[in-house]
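# Structure at a glance
Here are the chains, one letter per residue:
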2 protein chains.
Amino acid sequence: MNRPHTFAGNPLNRAEYERRDADWLAARERDAGSRFLPLRQLDVLLDGEDPARLAWISGDAAAGLDGPRFLLGLRDGAAHFAVDVSEDNEDLAEGDERRFVDVRTAGTLVSAEDAGIAAQARAQVDWHARHGFCSVCGQPTEALRGGQQRTCGSCGADHFPRTDPVIIVVVTDGDRCLLGQSHGRLSQMRMFSALAGFMDQGETIEEAVRREVLEEAGIRVGAVRYHSSQPWPFPSSLMIGCHADALTTEVRPDKVEMLSVQWFERATVRRALAGEDAELRVPASFAIAHHLIRAWAEGTA
Amino acid sequence: MNRPHTFAGNPLNRAEYERRDADWLAARERDAGSRFLPLRQLDVLLDGEDPARLAWISGDAAAGLDGPRFLLGLRDGAAHFAVDVSEDNEDLAEGDERRFVDVRTAGTLVSAEDAGIAAQARAQVDWHARHGFCSVCGQPTEALRGGQQRTCGSCGADHFPRTDPVIIVVVTDGDRCLLGQSHGRLSQMRMFSALAGFMDQGETIEEAVRREVLEEAGIRVGAVRYHSSQPWPFPSSLMIGCHADALTTEVRPDKVEMLSVQWFERATVRRALAGEDAELRVPASFAIAHHLIRAWAEGTA
């Protein structure tokens, strides 16, 4: 990989040790030199165009913002926070120049570093918004360690942000690869992609690949090779990208999940990667699926 | 890997589609041919010794057991369930032959297949025991799809079992590898292991490796190579095993987390793997750390 995946490349030091000190954290929240990134309904505030960039608010200006803050990390000595302004009515957007943008789109507009920070911020803000109560006893929880933990005030249970591992795989059979089309709007665009699915409890990455491919395509898989991984903050997945060898070739797609699963010849896939195939489209370079497909098509997998 | 890691090798078909049918599930729960694995306080019921095996209870006998059931999967047409009997007072253990054993120990006593099933069962039972309430609104949730989901009866939020990705890495510098010793009882046994840590939101596997090694050892890391993965059901981790190249050599251990982090020569590590070194012990083959260390020491990493 010459260039990291979109949403990789977060440059912040997450301050794992500093954030355990509640006094230090409180001082950073009040510090005029700290920087605050507003998110509203999980959309992130951007500044400018071509290139766009994250719209950090200085500590002074952020003092009036209403909403919980979570420490993302440190850079050049300055603490960087996400602040969830979903309940704040202040008009932070200013026409076209400063506006809230969904993180998926933002990932295509900003630098690799800013996209990485946006991914962390979206995952973290979403997790807190959905974990105000204790899953063990139902009572309220409160955030600790700048947002790396929530603890129940009643039963004392600790809760930690979650990251959901997802396998995504290009299965190959010689000069053919297996791509699938989910139900939904993508099916109208001749778009096929790598097969993917959430890992279950109690399985390895390789076992998850074999299970998902069998479930979705009816194909048995032998060797599995890890390629690379991508954070995917919708809401908080880790895409674990693999290539795998098919042991069988007769496709029996799962009709519930998949509209179609098919073998595609390498020449067709190469044309699709160049945007020049009439029958097949593949995901853009924004998605790890693109890079898994390309690596196989170009013989570097 | 000639032999899969302990807790890999679960042979059950997880019945992803069948389990969505509530009538089918209810019939399987009443079916005399179904099999039920009791867990009490997360310990699993075993039968026999040398080898020990999971003590499945038949559908008839299990009808009287008090506690929630979760569908693990299908094998040879029979549904296999875990049943959490923590609240049931029936004396299921019968002396030495049939007894409840913690899953960590059970993993060393039973077959690879049984260990894999025990891992899935422990992770699933634990998750349900800790998720009776909705983290979004604090109201009760109920299990669906045989335990692959819980849904809030009040706000309707869906919740899914979690798997926490953890990186574990042997960092190398030529003929030396970097091993660490956490605080705690292991330090009394000259035991050193691979460095490890939970992945954060918004980072790749490779970024998590670099962050953890920098935090725990003060060492900067370049190339990272994935080796293999292991389910680790305490409570529900996925160990992602890697090797990595050191870019710096001066160790500055994190004093909070680590008692010691040191470089060890390959000859020393080889003696330790054979149980023949006076100064160093490494984890047993039960743990992925053992296989990561061995692969490097034997030159197959």
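An account of the accompanying structure is given in this report. In this numbering scheme, every chain counts its residues from 1 along its sequence in written order. Whichever chain is written first is A, and whichever ligand is written first is 1; the rest continue in order. Where totals are concerned, whole chains, interfaces and linings use all residues; where local detail is concerned, this predicted model gives features only for residues with pLDDT of at least 70, and gives and counts side-chain atom pairs only at 80 or more. Note that water and hydrogens are dropped before the side-chain values are worked out from all heavy atoms of the structure.

## As for the overall build of chain A
The numbering of helices and of strands both runs from the N terminus, where a helix is a DSSP run of H or I of at least 4 residues and a strand a run of E of at least 2. For chain A, the count of helices and strands is 7 helices and 16 strands. If you line up chain A on its principal axes, its C-alpha atoms span 60 × 50 × 30 Å. Looking at chain A residue by residue over its 301 residues, the buried ones come to 58%. Here, two residues are considered to be in contact whenever any of their heavy atoms come within 4.5 Å of each other. Across chain A, every contact between residues at least 6 apart in sequence was considered, and the portion connecting residues at least 24 apart equals 64%. Using a 1.4 Å probe, accessible areas were evaluated by the Shrake-Rupley method; residue-level cover was limited to the displayed protein chains. Per element, the accessible surface of chain A, about 12,900 Å² overall, is 45% carbon and sulfur. When the 33 positive and 46 negative side-chain charges of chain A are each reduced to one mean point, those points stand 4 Å apart. Between buried and exposed lies partly exposed: a residue is buried under 20% and exposed over 50% of the maximum accessible area for its type, with that area taken using a 1.4 Å probe on protein chains only. The convention is simple: Lys and Arg are positive, Asp and Glu are negative, and His and the chain ends are not counted. Charge positions come from single atoms, namely NZ of Lys, CZ of Arg, CG of Asp or CD of Glu.

## Details of the sheet that holds strand β10 (residues 158-159) of chain B
For two strands to be treated as a pair, DSSP must find at least two bridges joining them. Strand order in the open sheet formed by 3 strands is β8-β9-β10 (chain B), and the pairing between neighbours is antiparallel. With one partner strand each, in any of the chains shown, β8 (141-144) and β10 of chain B form the two edges of the open sheet.

## Looking at the relation of the copies chain B and chain A
Once chain B is rotated about the relating axis by 180 degrees and shifted along it by 0.0 Å, it coincides with chain A to within an RMSD of 0.0 Å. Considering both components of the superposition, the chain copies are consistent with a two-fold axis. Measuring from the rotation axis to each C-alpha of chain B, the shortest distance belongs to Gly-138 of chain B, at 2.1 Å. Copies overlap after least-squares fitting; the atoms used are the C-alpha atoms of residues with pLDDT of at least 70 in both.

## Brief notes about the interface of chain B and chain A
Counting residues at the interface gives 50 residues for chain B, matched by 51 residues for chain A. Across the chain B/chain A interface, buried area totals approximately 4,200 Å², and carbon plus sulfur atoms make up 49% of it. By definition, a salt bridge exists where a carboxyl oxygen of Asp or Glu is found within 4 Å of a side-chain nitrogen of Lys or Arg. The interface formed by chain B and chain A contains 4 salt bridges. The partner of Arg-20 of chain A in a salt bridge is Glu-257 of chain B, and the shortest N-O contact between them spans 3.3 Å. Residues adjacent in sequence count toward polar contacts only when both atoms are side-chain atoms; beyond that, a polar contact is any pair of N or O atoms within 3.5 Å, and within protein one must be able to donate a hydrogen and the other to accept it. At the junction of chain B and chain A, the tally comes to 34 residue pairs in polar contact (both at pLDDT 80 or more). When residues of the side of chain B that touches chain A are traced back to their parent elements, those giving at least two are α4 (112-129), β10, α5 (205-217), β14 (221-232) and β15 (237-246) of chain B. We define buried area as the total accessible area lost by two parts upon association, computed with a 1.4 Å probe and summed across both.

## Observations concerning the environment of Pro-283 of chain A
Residues and elements named next belong to chain A. Tracing the backbone through its elements, the reader meets Pro-283 in the loop between α6 (266-273) and α7 (288-297). Taking the C-alpha atoms as reference points, Pro-283 and Ile-293, separated by 10 residues in sequence, lie 9.1 Å from one another. The contacts of Pro-283, once residues within four sequence positions are left out, are Met-191, Phe-192, Ser-193, Ala-289, His-290 and Ile-293.

## Some words on α6 of chain A
Residue and element names in this part refer to chain A. Of all the positions in α6, only Arg-266, Thr-268, Val-269, Ala-272 and Leu-273 are classed as buried. Along the axis of α6, the buried positions cluster into a sector of 160 degrees, meaning they face one direction only. The secondary structure elements touched by the buried residues of α6 are β12 (176-182), β16 (258-265) and α7. Arc, as used here, means the arc of the directions from the helix axis to the C-beta atoms.

## Considerations on helix α6 (residues 266-273) of chain B
Where α6 of chain B is buried, its residues touch β12 (176-182), β16 (258-265) and α7 (288-297) of chain B. Gly-275 of chain B sits one or two positions beyond α6 of chain B and adopts a positive phi of about 70 degrees.

## Focus: the sheet that holds strand β8 (residues 141-144) of chain A
Taken in spatial order, the 3 strands line up as β8-β9-β10 (chain A) in an open sheet, and their pairing is antiparallel. The outermost strands of the open sheet, each flanked by one partner alone, are β8 and β10 (158-159) of chain A.

## Quick notes on the side chain of Asp-88 of chain A
Residue and element names in this part refer to chain A. Tracing the sequence through the fold places Asp-88 in the loop between β6 (78-84) and β7 (98-101). Buried charge without a salt bridge: Asp-88, with Arg-40 as the nearest opposite-charge side chain at an N-O distance of 4.2 Å. Polar side-chain contacts of Asp-88 include one of 2.6 Å to the backbone nitrogen of Asp-66. Every residue in contact with Asp-88, bar those within four places of it in the chain, is listed here: Arg-40, Gly-64, Leu-65 and Asp-66.

## Some thoughts on the packing of aromatic side chains
Pairing of aromatic side chains requires ring centres within 6.5 Å, counting the rings of Phe and Tyr and the six-membered ring of Trp. Pairs whose planes differ by under 30 degrees are stacked, by over 60 edge-to-face, and all others tilted. As enumerated under the stated definition, the model contains 15 aromatic pairs over all chains in all. With a centroid separation of 5.9 Å and 70 degrees between ring planes, the pair formed by Phe-7 of chain A and Phe-234 of chain A is classed as edge-to-face. Residue Phe-7 of chain A is located in the segment before α1 (22-30), and its partner Phe-234 of chain A is located in the loop between β14 (221-232) and β15 (237-246); the two are separated by 227 residues in the primary sequence. Centre to centre, the rings of Phe-36 of chain B and Phe-81 of chain B are 5.0 Å apart; their planes meet at 10 degrees, and the pair counts as stacked. Here the residue Phe-36 of chain B occupies a position in strand β1 (residues 35-40), and Phe-81 of chain B occupies one in strand β6 (residues 78-84), the gap between them amounting to 45 residues. Put simply, the rings of Phe-7, Trp-232, Phe-234 and Phe-286 of chain A pair up and form one aromatic cluster. As a reminder, the over-ring test applies to NZ of lysine and CZ of arginine, requiring each to be within 6 Å of the ring centre and within 35 degrees of the ring normal. When the ring centre of Trp-296 of chain A is taken as reference, the NZ or CZ atom of Arg-266 of chain A above it lies at 4.4 Å.

## Focus: the pattern of salt bridges
All names here are of chain A. Under the criterion given, the structure shown has 34 salt bridges over all chains. With its nearest N and O atoms 2.9 Å apart, the salt bridge here joins Arg-271 to Asp-277. A relative accessible area of 38% places Arg-271 in the partly exposed class. Here Glu-298 and Arg-294 are joined by a salt bridge, their closest N and O atoms 2.8 Å apart. Residue Glu-298 is classed as partly exposed on the basis of its relative accessible area of 46%.

## Things to note about the environment of His-131 of chain B
Along the chain, His-131 of chain B turns up in the loop between α4 and β8. Taking the C-alpha atoms as reference points, His-131 of chain B and Ala-143 of chain B, 12 residues apart in sequence, are found 9.5 Å from one another.

## A word on empty space enclosed by the protein
A probe as big as a water molecule, rolled over the atoms, marks out the empty space that is left. For each structure, a 1 Å grid was placed over the protein atoms alone; sets of points admitting a 1.4 Å probe that cannot get out are labelled cavities, open sets with protein on both sides within 12 Å along at least five of seven lines are labelled pockets, and lining residues have an atom within 4 Å of a point. Grid points are joined across faces, edges and corners, and a volume is the space filled by probe spheres set on the points. Throughout the structure, instances matching the rule amount to 4 cavities of 30 Å³ or more. As a volume, the largest cavity reaches approximately 70 Å³. Contributing to the lining of the largest cavity are 13 residues, with Thr-163, Ser-236 and Ser-237 of chain A together with Gln-201 and Gly-202 of chain B lying nearest its centre. Secondary structure elements with two or more residues in the lining of the largest cavity: α4 (112-129), β14 and β15 of chain A.

## Here's the deal with the pairing of β1 of chain B
All names here are of chain B. Across the 6 residues of β1, 5 count as buried, placing the element largely inside the fold. As judged from the 5 bridges shared by β1 and β6, these two strands associate in the parallel manner. Counted as the bridge partner of Leu-39 is Asp-84 from β6. One ladder, built from 2 bridges, connects β1 with strand β4 (residues 57-58); its direction is antiparallel. The residue of β4 that forms the bridge with Arg-35 is Ser-58. Looking at chain direction, β1 and strand β2 (residues 43-47) are connected through 2 bridges and run antiparallel. Residue pairing for β2: Leu-39 is matched across the bridge by Val-44. Taken together, β1 and the strand that follows it, β2, pair antiparallel across an intervening segment of 2 residues, in which Gln-41 is found at a positive phi of about 50 degrees.

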